[in-house]
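A look at the structure
The lines below spell out each chain.
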Amino acid sequence: MAIDLAAFLDERGALVADGGMGTSLFELGLTSGDCPEVWNVDHPDTVAKVHQGFVDAGADIVLSNTFGGTASRLALHGNEHRVAELNAAGVAVARSVADQAGRSVAVAGSMGPTGALFEPLGPLTVDEGAALFAAQAAALAEAGADVLWIETLSALDELAAALAGALTTGLPIVATLSFDTNGSTMMGVTPAAFAGWWQGQPEAPVAIGSNCGVGPADNVLAGAGIHAADPDVAVVVKGNCGVPQFIDGRLWYPAADEDMTAYAELALDAGARIVGACCGSLPRHTAQIRTVVDTHRPAAEPPTEAEIEARLGVVARPADRGRERRGRRRAG
């Protein structure tokens, strides 16, 4: 059953998005260098198991395993000719779980970065980027996605390309940037500038926000900045569990063992209407967010940066940039 995201959001007030697909797949056998999207065809039951875990934990929105589904990203694995197949399979797996949930669960077609820089810093034009995103978006839409979910971008030119490609389908759109560099994206976009971009779009996304990044505190602060710049936009906060470290052959996320209650409470008080988690998170984190969304009483005032730091840890500073860059991975 198709779900209208805007109506779903209006009905519920706040929604819970899922957690880390990539993290979950690594727990189930994906190894570094593998192409996660191929698992939609080769290991669909495993991908379905990940979705089922998040649905059972209370997610209202599940993102398809298609983050790297543009031809440019799939080319890294020699799969650039499989855009339609792998993206459609990703939605089909998510759809099979969502439709058996016994309640409304929206399927979002995940669209991550192309992996290429745009002019003048790189070779890709906005029109070329839009074509890459349009091909992915068409496959996601035709397979039955309820919404297209553009995520983990850093530059407004790539965002413009992604939006142009996604708009060719007529589906509602969500867009999130990664604010991982001293309060802005790696390409210098601030939360306020992102809100300003949203205000200037004739066909704007249903929701915009922050995802991935360097930890829960930075994502909440970015969400607060977007909401302060435009209280009318539906804000998404979908932060990761900190900058990962490679220990004993495994990625370890410093906040992965923490209770996500404070994060979810602060995200809601900062103005978020869709709250989820990203890299390092598992279904138990989603369950904690679900509990907060169902029981939270809003604070009288938005949280200050000092309060966010007191409850979630210090927000990343300029001296942390090198560590952030070394730690960045694909979303989830």
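For the structure, check the block above.
The following paragraphs examine the structure supplied in this document. Source: prediction; values computed, not measured. (Residues numbered from 1 in each chain as written. Predicted model: local features only at pLDDT ≥ 70, side-chain atom pairs only at ≥ 80, totals over all residues. Heavy atoms only, no water.)

On to the nonpolar core. Ranked by internal contacts, the top residues of the largest apolar core, which has 70 residues, are Ile150, Phe194 and Ile289. The residues touching Ile289, leaving out its near neighbours within four places in the chain, are Val16, Met260, Tyr263, Ala264, Val275, Gly276 and Ala277. If you look at the next biggest cluster of nonpolar residues, it comprises 17 residues, including Phe8, Ala17, Ile61 and Val236. (Core = buried A, V, L, I, M, F, W, Y, C linked by side-chain atoms within 4.5 Å. Buried < 20%, exposed > 50% of the residue type's maximum accessible area, 1.4 Å probe, protein only. Contact = heavy atoms within 4.5 Å.)

On the surface, a cluster of nonpolar side chains totalling about 380 Å² of accessible area is made up of Leu117, Leu121, Met186 and Met187. Examined against the element boundaries, Met186 turns out to sit in the loop between β5 (173–177) and α9 (191–199). Assessed through its relative accessible area of 38%, Met186 is described here as partly exposed. (Patch = residues over 30% accessible without salt bridge, like charges linked within 9 Å, V, L, I, M, F, W, Y side chains within 5 Å. Areas by Shrake-Rupley, 256 points an atom, 1.4 Å probe, with all protein chains shown as cover. Salt bridge = Lys/Arg side-chain N within 4 Å of Asp/Glu carboxyl O. Helix = DSSP H or I, 4+ residues; strand = E, 2+ residues; numbered from the N terminus.)

Another point: unusual backbone geometry. Going from Glu119 to Pro120, the amide bond is cis rather than trans, its omega being 5 degrees. Mapped onto the secondary structure, Pro120 falls in the loop between β3 (106–111) and α7 (126–142). Residue Thr152 is not a glycine yet carries a positive backbone phi of 65 degrees. Examined against the element boundaries, Thr152 turns out to sit in strand β4 (residues 147–153). One non-glycine residue, Asn182, adopts positive backbone phi at about 55 degrees. Tracing the backbone through its elements, the reader meets Asn182 in the loop between β5 and α9. A relative accessible area of 35% places Asn182 in the partly exposed class.

Applying the stated criterion across every chain yields a total of 11 salt bridges. Each of Glu11, Arg12, Asp60, Arg103, Arg290 and Asp294 takes part in salt bridges that share partners, so that together they form one network.

With that settled, consider the packing of helix α6 (residues 83–98) against α7. The N-to-C vectors of α6 and α7 enclose an angle of 40 degrees; their axes lie 8 Å apart at closest approach. Accordingly, the angle class assigned to the pair α6 and α7 is oblique. The handedness of the crossing between α6 and α7 is right-handed. Contacts between α6 and α7 involve Val83, Ala84, Asn87, Ala88 and Val91 from the former and Ala135, Gln136, Ala139 and Leu140 from the latter. A breakdown of the residues in the contact of α6 with α7 according to their chemical character gives 7 nonpolar, 2 polar and no charged. (Axes fitted to C-alpha atoms, helices over the stretch in contact; angles between N-to-C directions. Parallel < 35°, antiparallel > 145°, perpendicular 65-115°, else oblique. Left-handed = near helix turned anticlockwise from the far one by under 90°. Nonpolar A, V, L, I, M, F, W, Y, C, P; charged D, E, K, R; others polar.)

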